[in-house]
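For reference, the chains in residue letters:
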Amino acid sequence: MNLIQHPALMAQDNAGALAAAGAFAALVVLVSLVVGVLFTVVMIASLWKVFTKAGKPGWAALIPVYNTIVWLEIVRRPVWWVVLTLIPLVNLAVLVVMCIDLAKVFGKGPGFGIGLALLPFIFFPMLGFGSALPGDVTGTGAAPTPAASRTGEAASSPAGTRATEPEPVDADLQRKFVLFQAVPAWMISMLVHVLLLLVMALMTVGVEERIVNVLSASSSGEEGPEIDEFALEQPEEDLQETEEEVTEEVVEVAEPIDEMEPVDLDTPLDMQTVPISVVDLASTMAPVADSLQTLSADTSSELGSRSSADVKKRMLRTYGGTESSEAAVAMALKWLERHQMPNGAWTFAHQAVCRDPACDRSGTHAEAVNGATALALLPFLGAGQTQFAGDHKKTVERGLAFLINNGKRKNLGGLPCLDFTEKGGSMYSHGLAAIALCEAYAMTEDPRLAAPAQGALNFIMYAQDPRGGGWRYQPRQAGDTSATGWQIMALKSGYMGHLTVSPASIRGSTLFLDSVQSDDGALYGYTAPVANRGQHQACHAVGLLCRMYLGWDKNHLGIQKGVQHLTEIGVLKNNIYYNYYAAQVLRQYGGSQWDQFNNELRDWLVAEQSDSGPTKGSWAFPNAGHGTEHGGRLYMTAMSTMILEVYYRHMPLYADKAAEEEFPL
């Protein structure tokens with residue numbers, strides 16, 4: 001089959017024509033500007049002279065509106081007519097009347113007045129720079145001027161004397177324009193409008209030429225010309241972004257939050273079903289076992305350590321937990337439960353719920369209810385509490401119901417999505433909500449959670465920066481390591497629950513981590529690589545944990561050097577965010593590095609927990625770094641609780657042979 005291109009419809013090179021058209025357009029604009037300036041100058045000068053002749057200040061011609069008032073005074077019309085000049089269409093009729101009146105004041109006929117209205121750039125200079133003076137014709141109502149007085153004196157003199165006086169200078173000029181005084185005004189107006197229509201008719205507007213390439217196919221036996229293959233090269237772009245400081249509005253909570261509409265507790269999840277078909281999505285996406293760390297043959301068992309009492313006790317003992325740390329977790333869950341709102345949500349401004357001044361350190365991001373609810377749910381899920389089992393099952397059920405109901409249902413990129421972004425939380429809120437839904441589904445396989453969890457993952461995949469592969473505050477914004485970490489954890493949680501994760505999203509997140517790493521992958525910056533471990537310490541831990549879940553093994557140089565960096569940094573009592581991620585990295589790595597770090601962090605958290613009053617079971621550090629002001633006591637309590645659950649929240653990624661047999665990977 002030959003592909004023959006019709007010569008009659010071949011694309012034409014019109015670059016020269018476009019350049020000529022552009023030059024002509026520029027010339028027209030330039031000429032129009034010059035003509036406009038000249039017209040304005042001539043009109044101001046002419047009107048200045050007219051006002052001066054009439055005994056008015058010439059400078060009045062320069063002042064809009066006031067020059068109209070002066071004009072009305074000259075022709076002895078009411079000053080309120082200035083209002084009529086501001087009304088569309090009416091102002092045209094008023095202008096014609098004012099021009100005719102002005103012509104009469106200077107002794108001209110109606111035709112001259114029509115000329116003033118239609119061709120002002122010709123007739124106003126004639127009136128202003130000519131010899132005509134106000135009061136040349138009686139009956140106009142104008143006050144007599146000295147010139148008029150002299151004319152009257154001449155009229156009262158003997159006939160012989162009057163006959164010898166010369167004729168006025170502008171009499172000859174007026175005879176030249178006798179047409180405008182003899183022809184009716186309507187005829188002059190018609191001629192001017194016909195002239196304008198003819199000028200407009202001669203103006204042509206260029207029509208954009210559309211050039212179409214048409215390919216026709218023929219099945220003749222002759223071989224046509226060979227078509228060369230081509231490929232589109234994607235331009236190389238700089239993946240490093242400069243760090244931005246984002247300031248978000250602080251929201252004051254002025255009204256009681258418990259007035260929000262409560263959720264029906266009888267069937268809280270059934271009524272919130274999201275119409276998303278996971279089966280249809282699975283058929284269009286490939287599994288990601290080659291890119292995302294495979295935790296076990298049955299990945300949902302990775303969270304089995306939470307709900308199995310025996311496994312939980314063994315892991316608590318094996319990895320460094322104590323009875324005191326477990327007691328602290330139990331007290332924290334009770335504090336969180338007391339601060340759940342009637343509709344199932346939580347808020348960082350927790351005092352709006354308990355209304356106890358002694359329960360201080362309320363957060364400022366009151367509107368980020370999705371993020372607060374998800375963050376409060378995660379410690380319950382980490383302790384093995386679900387909507388079906390545990391002392392806090394009703395609390396978990398109500399929290400999940402609120403999240404599902406509060407997500408925004410969208411269709412983005414052809415995929416049904418559930419969007420949890422919000423003011424004060426952005427993609428952080430969404431990542432946390434996605435983790436909570438995916439972990440709850442992976443732990444229970446509750447079919448009511450499958451579609452909402454998949455919808456949340458779909459939004460994460462849609463919101464990923466298509467260029468750099470990361471995530472930040474808003475969808476498709478160039479990423480930062482902190483926000484990216486939560487999204488990768490959500491994708492990992494969804495993968496554990498056998499939900500669908502796009503391989504392209506995993507490759508993109510790896511690409512982003514590559515762009516912010518340094519020291520062989522041991523250090524990570526916020527939006528760009530850093531030179532030493534003293535900068536963005538939390539980002540080092542976030543990046544290393546993501547690398548672990550994305551497949552780097554324990555012997556990878558970046559993991560080994562990164563663990564050494566975290567060990568040397570140690571526990572940071574002024575940065576709970578860093579401690580949360582560093583604890584997970586070192587716990588997965590194990591060994592003496594973990595033992596040293598865990599002993600110090602665990603004992604410090606147990607000692608710092610409030611053990612009395614309305615704050616019993618919670619944490620509020622004087623200066624705990626990232627997010628503590630916005631998230632307040634609820635944020636610090638949730639993060640501290642999850643740190644004390646690190647022993648059994650996830651099965652180990654790296655383990656010796658005996659551990660692999662006990663906890664299959």
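Everything numeric here is computed off the predicted structure, so don't read it as measured data. (Residues numbered from 1 in each chain as written. Predicted model: local features only at pLDDT ≥ 70, side-chain atom pairs only at ≥ 80, totals over all residues. Heavy atoms only, no water.)

**Brief notes about the overall build of the chain**
So, step 1. Looking only at helices and strands, the chain has 28 helices and six strands in total.
So, step 2. In the chain, buried positions account for 48% of the 665 residues.
So, step 3. In the chain, once contacts between residues fewer than 6 apart in sequence are set aside, the share between residues at least 24 apart is 70%. (Helix = DSSP H or I, 4+ residues; strand = E, 2+ residues; numbered from the N terminus. Buried < 20%, exposed > 50% of the residue type's maximum accessible area, 1.4 Å probe, protein only. Contact = heavy atoms within 4.5 Å.)

**A closer look at the nonpolar core**
So, step 1. The biggest cluster of nonpolar side chains holds 119 residues, and the ones touching the most others in it are Leu566, Tyr578, Phe597 and Leu605.
So, step 2. Considering every element that reaches this core, the biggest residue donor is helix 19 (residues 426–444), with 12 residues.
So, step 3. Judged by nonpolar contacts, the second largest core, of 27 residues, contains Leu72, Ile74, Met98 and Cys99. (Core = buried A, V, L, I, M, F, W, Y, C linked by side-chain atoms within 4.5 Å.)

**Here we look at the pairing of strand 3 (residues 408–412)**
So, step 1. Where strand 3 and strand 4 (residues 415–419) come together, five bridges link them in antiparallel fashion. Looking across to strand 4, one finds that Lys410 is bridged to Cys417.
So, step 2. Linking two consecutive strands that pair antiparallel, namely strand 3 and strand 4, is a turn of two residues; a positive phi of about 60° is found at Gly413 within it. (Pairing = 2+ DSSP bridges.)

**Considering the environment of Lys394**
So, step 1. Following the sequence through the fold, Lys394 ends up in helix 18 (residues 393–406).
So, step 2. In sequence terms Lys394 and Glu337 are 57 residues apart; their C-alpha atoms lie 9.9 Å from each other.

**Notes on the pattern of salt bridges**
So, step 1. Counted by the stated rule, this structure contains 15 salt bridges.
So, step 2. Of the charged contacts, one joins Asp360 and Arg633 as a salt bridge, the two residues approaching to 2.6 Å between their closest N and O atoms. In this pair, Asp360 is assigned in the loop between helix 16 (351–354) and helix 17 (369–382) and Arg633 in helix 27 (residues 628–644), connecting sequence segments 273 residues apart.
So, step 3. Taking relative accessible area as the criterion, Asp360 reaches 35% and is therefore assigned partly exposed.
So, step 4. Close ionic contact of Arg533 with Glu568 constitutes a salt bridge, the shortest N to O distance being 2.5 Å. (Salt bridge = Lys/Arg side-chain N within 4 Å of Asp/Glu carboxyl O.)

**Comments concerning unusual backbone geometry**
So, step 1. With a phi angle near 55°, Arg355 is a residue other than glycine that sits in the positive phi range.
So, step 2. Tracing the chain through its elements places Arg355 in the loop between helix 16 and helix 17.
So, step 3. Phi is positive for Asp519, which is not a glycine, with a value near 55°.
So, step 4. Tracing the backbone shows Asp519 in the loop between strand 5 (517–518) and strand 6 (523–524).
So, step 5. Here Asp519 falls in the partly exposed class, since its relative accessible area comes to 29%.

**Description of the packing of helix 21 (residues 481–496) against helix 25 (residues 576–589)**
So, step 1. Packing of helix 21 against helix 25 leaves a shortest axis separation of 13 Å and a crossing angle of 45°. Classed by the angle they form, the pair helix 21 and helix 25 counts as oblique. Once helix 21 is placed against helix 25, the crossing between them reads as left-handed. Of helix 25, the residues touching helix 21 (which contributes Ser482, Gly485 and Trp486) are Tyr577, Tyr580 and Tyr581.
So, step 2. Here the contact of helix 21 with helix 25 is built from residues that sort into four nonpolar, two polar and no charged. (Axes fitted to C-alpha atoms, helices over the stretch in contact; angles between N-to-C directions. Parallel < 35°, antiparallel > 145°, perpendicular 65-115°, else oblique. Left-handed = near helix turned anticlockwise from the far one by under 90°. Nonpolar A, V, L, I, M, F, W, Y, C, P; charged D, E, K, R; others polar.)

**Quick notes on the environment of Trp346**
So, step 1. Here Trp346 lies in the loop between helix 15 (323–338) and helix 16.
So, step 2. It is 8.3 Å that separates the C-alpha atoms of Trp346 and Ala374, two residues lying 28 residues apart in sequence.
So, step 3. From its side chain, Trp346 meets the backbone oxygen of Leu336 in a polar contact 2.7 Å long. (Polar contact = N/O pair within 3.5 Å; in protein donor to acceptor, adjacent residues only side chain to side chain.)

**Section: the packing of aromatic side chains**
So, step 1. Under the definition given, this model contains 14 aromatic pairs.
So, step 2. Taken together, a centroid distance of 6.2 Å and an interplanar angle of 45° make the contact between Phe459 and Tyr462 tilted. Within this pair, Phe459 and its partner Tyr462 are both found in helix 20 (residues 447–463), separated by three residues, close to a single helical turn.
So, step 3. When its relative accessible area of 25% is taken as the criterion, Tyr462 is described as partly exposed.
So, step 4. Taking 5.6 Å as the distance between ring centres and 70° as the angle between the ring planes, the aromatic pair formed by Tyr577 and Tyr581 counts as edge-to-face. Separated by four residues within a single helix, Tyr577 and Tyr581 lie in helix 25, roughly one turn from each other. Tyr581 matches Tyr577 in its accessibility class, with the two residues each being buried.
So, step 5. An aromatic cluster is built from Trp486, Tyr577, Tyr580 and Tyr581, whose rings are joined through pairwise contacts.
So, step 6. One Lys or Arg, Lys108, reaches over the ring of Phe112 and ends 5.4 Å from the middle of that ring.
So, step 7. Just above the ring of Tyr648 sits the side chain of Lys312; from NZ or CZ to the centre is 4.7 Å. (Phe/Tyr/Trp six-rings, centres within 6.5 Å; stacked < 30°, edge-to-face > 60°. Lys NZ or Arg CZ within 6 Å of the ring centre and 35° of its normal.)

**Some thoughts on the confidence of the model for the chain**
So, step 1. With 69% of its residues at a pLDDT of at least 70, the chain reaches an overall mean of 77.
So, step 2. Within the model, pLDDT remains below 50 along residues 1–14, and this stretch shows 31 contacts once partners closer than five positions in the same chain are excluded. (pLDDT = per-residue confidence, 0-100.)

**What about a nonpolar patch on the surface?**
So, step 1. Taken together, the side chains of Leu27, Leu30, Val31, Val34, Val35 and Leu38 make up a nonpolar region of the molecular surface, amounting to roughly 540 Å² of accessible area.
So, step 2. Assignment of secondary structure puts Leu38 in helix 1 (residues 15–53).
So, step 3. Look at Leu38 and you get exposed, because its relative accessible area is 53%. (Patch = residues over 30% accessible without salt bridge, like charges linked within 9 Å, V, L, I, M, F, W, Y side chains within 5 Å. Areas by Shrake-Rupley, 256 points an atom, 1.4 Å probe, with all protein chains shown as cover.)

**Examining helix 5 (residues 110–118)**
Quick reminder: α-helices carry 3.6 residues per turn. Residues three or four places apart thus point the same way.
So, step 1. Most of helix 5 is tucked away: seven of the nine residues are buried.
So, step 2. Taken residue by residue, helix 5 has Gly111, Phe112, Gly113, Ile114, Gly115, Leu116 and Ala117 as its buried positions.

**Focus on the packing of helix 17 against helix 27**
The geometry of a pair of packed helices is captured by two quantities: the angle between their axes and the separation between those axes.
So, step 1. Viewed as axis vectors pointing N to C, helix 17 and helix 27 meet at an angle of 30°, and their least axial separation amounts to 8 Å. With respect to their mutual orientation, helix 17 and helix 27 come out roughly parallel. Helix 27 is crossed by helix 17, and the crossing has left-handed handedness. Touching Ala372, Leu375, Leu378 and Pro379 of helix 17 are Leu634, Tyr635, Ala638, Met639, Thr641 and Met642, all from helix 27.
So, step 2. Residues that form the contact of helix 17 with helix 27 fall into these classes: nine nonpolar, one polar and no charged.

**Brief notes about the environment of Leu72**
So, step 1. Assignment of secondary structure puts Leu72 in helix 2 (residues 66–74).
So, step 2. In the structure, Leu72 is positioned 26 residues away from Met98 in sequence and 7.4 Å away in space, judged by C-alpha atoms.
So, step 3. Each residue touching Leu72, except ones within four places of it in the same chain, is listed here: Arg77, Pro78, Val79, Trp81, Val82 and Met98.

**Notes on the state of the cysteines**
So, step 1. Within this structure, the stated rule accounts for zero disulfides.
So, step 2. In this structure Cys359 is a free cysteine whose sulfur lies 4.0 Å from that of Cys354, the closest cysteine sulfur available.
So, step 3. On the basis of relative accessible area, Cys359 is assigned to the buried category, the value being 0%. (Disulfide = S-S within 2.5 Å.)

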